[in-house]
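Here's the letter readout for the chains.
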Amino acid sequence: MIELATLPINSTAAITGARNRVRFLAEDLEFDVFAATRLAAMTSNLCRTLYHQGDEASITIGIGKSQQAFNLQMVFSGQRNPLTSNDAGKLFDRAYPLELKNGLEGFAVVKRIPSRDFDPSERFIVDQRERLVRLSKAELLEEVQQRNDELTALLDEVKLHAEREKELAAAAAVAEVERREARELEKAYRKLAKAHEHEQRLANYDAITGLPNRTCFEDRVTQAIERAEREQQTLAVMFLDLDHFKNVNDTVGHAEGDQLLREVSERLLGCVRKSDTVARLGGDEFTLALMNIAHPEVAAEVARNILTSIAQPFLVGGREFYIGSSIGIAVYPDDGHTVDLLLRNADTAMYEVKKLGRNNHQFYSADMNAQAKARLDLENSLRKAVKHEQLSLHYQPQIDCSTGKIVSMEALLRWPHEGNHFMPLEQFIPLAEETGLIVDIGHWVLREACSQNKAWQEAGYAPIPVAVNLSMRQFEQSDLADDIMQILEETGLEPRWLELELTEGVFLHHVESARAMLTSLKQAGVIISIDDFGTGYSSLSQLRRLPIDTIKVDCAFSQGVIDDPDDAAIVSSIIVLAHNLNLKVIAEGVETEAQLEFLRENGCDLWQGFLFSKALPADQFEALLRERLLSRSKAQSAAEKLPSTQRQAGVVG
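Rules of the game
Residues numbered from 1 in each chain as written. Predicted model: local features only at pLDDT ≥ 70, side-chain atom pairs only at ≥ 80, totals over all residues. Heavy atoms only, no water. Pairing = 2+ DSSP bridges. Helix = DSSP H or I, 4+ residues; strand = E, 2+ residues; numbered from the N terminus. Axes fitted to C-alpha atoms, helices over the stretch in contact; angles between N-to-C directions. Contact = heavy atoms within 4.5 Å. Salt bridge = Lys/Arg side-chain N within 4 Å of Asp/Glu carboxyl O. Buried < 20%, exposed > 50% of the residue type's maximum accessible area, 1.4 Å probe, protein only. pLDDT = per-residue confidence, 0-100. Left-handed = near helix turned anticlockwise from the far one by under 90°. Nonpolar A, V, L, I, M, F, W, Y, C, P; charged D, E, K, R; others polar. Lys, Arg positive; Asp, Glu negative; His and termini not counted. Arc of directions from axis to C-beta. Parallel < 35°, antiparallel > 145°, perpendicular 65-115°, else oblique. Core = buried A, V, L, I, M, F, W, Y, C linked by side-chain atoms within 4.5 Å. Patch = residues over 30% accessible without salt bridge, like charges linked within 9 Å, V, L, I, M, F, W, Y side chains within 5 Å. Areas by Shrake-Rupley, 256 points an atom, 1.4 Å probe, with all protein chains shown as cover. Charge placed at Lys NZ, Arg CZ, Asp CG, Glu CD. Phe/Tyr/Trp six-rings, centres within 6.5 Å; stacked < 30°, edge-to-face > 60°. Lys NZ or Arg CZ within 6 Å of the ring centre and 35° of its normal.

Novice: So, the sheet that holds strand 8 (residues 285–293): which residues are in play, and what are the values?
Specialist: Spatial strand order, 7-8-6-11-12: five strands in an open sheet with mixed pairing. Each of the sheet's edge strands pairs with one partner strand only, and the pair in question is strand 7 (277–282) and strand 12 (361–363). With strand direction ignored, the average angle separating the axes of adjacent strands in the sheet is 20 degrees. With three bridges connecting them, strand 11 (residues 324–332) and strand 12 associate as parallel partners. Considered in strand 12, the bridge of I329 is made with F363. Set on the sheet, helix 10 (residues 296–311) makes contact with strand 6 (234–243), strand 8, strand 11 and strand 12; between it and strand 11 the angle comes to about 165 degrees.

As structure tokens, then:
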């Protein structure tokens, strides 16, 4: 055998490459299109079987000669021979097993080359070897583009023929012209039928993955429901959403993200039967319909297999990505009698999975509808609160550890809800993040805090910074820095009296863009601090690269410094680290004198907490400022009345 190439079968992309290489070689050997396509399909099936059996699978392609005729020969190597005599009889002229080393099994297949005159020249062999090695994914994509261009040209030709047919119909005068017109019309109709078939495929199948789209999926499931109703069958609908897929697009781009979606599609198809349906709704959302299942546990088993398959790494753009998937399951007839209701309930169950931590599956239950309704009611209430400016800000003082003076304050969001009660932040902030309302809320908070701070300055109170929290969604806005500077300009507040608090998670995927944005704000005079330090993901290298002024110790650590040695060690270490980096440290959640004394002894700069004051409405916070101002004035007056020797001795500080 004249060996042309040996191709390892170590990925789904390698299987696709082997299939296309065999098809191109068959076309060069003058096999007809049908035979070449069947050869390629059979090669793909055999390679896929070898690939799923284990590692070290390969295919060797070559040209042999027997009985004065040349043959296309392929040798498959793997852990187990998947070829049967029935397979050989369907397509190959001959197939036989081979004994291989290293415990592998092999088999060879032979397909006679159609042309009896074929005699491979040295140039032909060299060209084929180079082509088989040179063929790449980029060329495959180019081939697809070429096919699309050919289809476009075909559609244009169909239009041209249709116009010509009209012209011929108008100008037909003799029978010969009419016959010619009929022949042209027949050709045009055939091409038009092909174009219509392609249009139907585009209308019913996803362009990226080739899977059925929503329209096709709903049609198939509708028919399945009708059949299930007649025959008393059970079917399941799954709603699957990929976890953290956005990270792929953000890291390597949308083209590589599309490739990952195609690989996900192949894995999903590998987890279901041929009678089932896998569809892509759009984005990173997929749906599956499991037809005629014996009981719901079958759907759970399929879901577990999918989770295991999707959890395997994806090699995209030269990098490995690990993504998970969240799956909701609705079962006919218990969870709905229509496609729309089954999909909606499966989607509700999938959302429940995401709330519980993602990368799992969940069956729909009636309780989830009540939860979904409550969530929708809460979202509508929040939208109204934002629209009608029903939110408010409270201000908590931040105290200098050494002097006991109020040196700054934090603006904290409050939502008056159902009378005098405030809606807990943990109930509506995640919802605001998810719906995008946090962007509008954050803009309002910034403007309100800056306006109030400026108003207190104009009322004669000593200027102090106001700290405002920024969310992840706000930080993703490309014009955030410009928006902040515009608010400062419109409210008249100097940048040095505004402090921005960001959690460590903001920097996880956007270190460079974060550094650029924060640097521009700091250069303008804005103070930058990291909130809840020690609970997030930022590394020391990232911390060193960011233009930060202050580190804020999370209250979980501050409140444990007396009773928990680990918390005490963490807080003292954070203080030392921050001071070595020329950063200030503020501890939040201080509730006892013992906690405060520990912070003072370890050199903490600032603190806040219920020990001094809870967060107060603007009028009560102003009263606190006024009280502190009057206390200082009385102390100064008393000091001025003392003899100079007593003042120098520090009787009144």
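What follows continues from the structure just given.
Novice: Account for the pattern of salt bridges, naming residues and giving values.
Specialist: Under the counting rule described, the total for this entry stands at 22 salt bridges. Linking D243 and R358 is a salt bridge whose minimum nitrogen-to-oxygen distance equals 3.7 Å. Of this pair, D243 sits in strand 6 while R358 sits in the loop between helix 11 (339–355) and strand 12, placing them 115 residues apart in sequence. The buried category is assigned to D243, whose relative accessible area is 2%. By relative accessible area, which is 34% here, R358 ends up partly exposed. A salt bridge links K522 to D549, with the shortest nitrogen-to-oxygen separation between them at 3.3 Å. Here the residue K522 occupies a position in helix 17 (residues 511–524), and D549 occupies one in the loop between helix 18 (540–545) and strand 18 (550–553), the gap between them amounting to 27 residues.

Novice: So what's going on with the confidence of the model for the chain? Residues and values would help.
Specialist: In the predicted model, the chain carries a mean pLDDT of 85, and 87% of its residues have values of at least 70. Summarising per-element confidence for the chain, the mean pLDDT is lowest in helix 23 (residues 644–649) (43) and highest in strand 20 (residues 606–607) (96). Under a pLDDT of 50 for its full length, residues 645–653 has, in the predicted model, eight contacts with residues more than four places off or in other chains.

Novice: Break down the packing of helix 9 (residues 254–269) against helix 10 for me, citing the residues and quoting the values.
Specialist: Viewed as axis vectors pointing N to C, helix 9 and helix 10 meet at an angle of 145 degrees, and their least axial separation amounts to 10 Å. Crossing handedness for the pair helix 9 and helix 10: right-handed. Contact residues: helix 9 offers V264, R267 and L268, while helix 10 offers I306, S309 and I310. Looking at the contact of helix 9 with helix 10, its residues break down into four nonpolar, one polar and one charged.

Novice: Break down the side chain of D567 for me, citing the residues and quoting the values.
Specialist: Residue position: D567 is located in helix 20 (residues 565–580). Within the buried core, D567 has no salt-bridge partner, and the shortest N-O distance to an opposite charge, that of K552, equals 18 Å. Among residues more than four places away in sequence, those in contact with D567 are A556, F557, G560 and V561.

Novice: So what about the environment of G283? Which residues, and what values?
Specialist: For G283, the location among the structural elements is in the loop between strand 7 and strand 8. Judged by relative accessible area, G283 falls into the partly exposed class, the value being 42%. Sequence separation between G283 and L242 is 41 residues; the distance between their C-alpha atoms is 9.3 Å.

Novice: Describe in detail helix 13 (residues 425–435), supporting the description with residues and values.
Specialist: Among the residues of helix 13, those classed as buried are F428, L431 and A432. An end-on view of helix 13 places all buried positions within 100 degrees of arc, on one side of the element.

Novice: Describe the packing of helix 13 against helix 14 (residues 437–458), naming the residues involved and giving the relevant values.
Specialist: Close contact between helix 13 and helix 14 brings their axes to 5 Å; oriented N to C, the two are set at 110 degrees. Looking at the two axes, helix 13 sits roughly perpendicular to helix 14. Counted together, I429, A432, E433 and T435 of helix 13 and L437, I438 and I441 of helix 14 form the full contact between these two elements. The residue inventory of the contact of helix 13 with helix 14, partitioned by class, reads five nonpolar, one polar and one charged.

Novice: Before we move on, can you summarise the pairing of strand 18 with the specific residues and values?
Specialist: Here strand 18 shows no split at all, with T550 and K552 on one side and I551 and V553 on the other all buried. In terms of strand pairing, strand 17 (residues 527–533) meets strand 18 through three bridges, oriented parallel. Paired with S529 across the two strands is T550, which belongs to strand 18. Where strand 18 and strand 19 (residues 584–587) come together, four bridges link them in parallel fashion. Bridge pairing in strand 19 places V553 opposite A587.

Novice: Explain the pairing of strand 16 (residues 498–503) to me, and be specific about the residues and the numbers.
Specialist: Judged by how many residues are buried, strand 16 sits mostly within the fold: five of six residues are covered. Strand direction decides the pairing type here: strand 15 (residues 466–470) and strand 16, joined by five bridges, are parallel. Looking at strand 16, one finds that A467 is bridged to E499. Relative to strand 17, strand 16 runs parallel, the two being bridged by five bridges. The partner of L500 across the bridge, within strand 17, is I528.

Novice: An account of the environment of S471 is requested, with residue identities and associated values reported.
Specialist: Within the secondary structure layout, S471 lies in the loop between strand 15 and helix 15 (472–475). For S471, a relative accessible area of 9% gives the class buried. Considered as a pair, S471 and T503 are 32 residues apart in the sequence and their alpha carbons are 7.8 Å apart. Contacts of S471, omitting those with residues within four sequence positions, involve E433 and I438.

Novice: An account of the nonpolar core is requested, with residue identities and associated values reported.
Specialist: Within the largest apolar cluster, 73 residues are counted, with the highest numbers of intra-cluster contacts made by I484, L498, L500 and L521. Considering each element in turn, this core owes the most residues, eight residues, to helix 14. Once residues within four sequence positions are removed from consideration, L521 is found in contact with A481, I484, M485, L500, V526 and I528.

Novice: I'd like a description of a positive patch on the surface, backed by residues and values.
Specialist: Taken together, R164, R180, R183 and K187 make up a surface patch of like positive charges. For the positive patch, the element with the most residues is helix 6 (residues 175–204), which contributes three residues. With respect to the secondary-structure elements, R164 resides in helix 5 (residues 137–171). Given the relative accessible area of 39%, R164 is considered partly exposed.

Novice: Describe the packing of aromatic side chains, and please don't skip the residues or the numbers.
Specialist: Counted according to the given criterion, the structure contains eight aromatic pairs. Every member of this aromatic cluster is reached through a ring pair, and the members are F70, F118 and F124. Over the ring of F314 we find R267, and its NZ or CZ is 3.6 Å from the ring centre.

Novice: How would you summarise the side chain of Q457 if you had to cite specific residues and measurements?
Specialist: Within the element layout of this structure, Q457 appears in helix 14. Sequence-distant contacts of Q457, that is, excluding residues within four places in its chain, are made with P463, L493 and W497.

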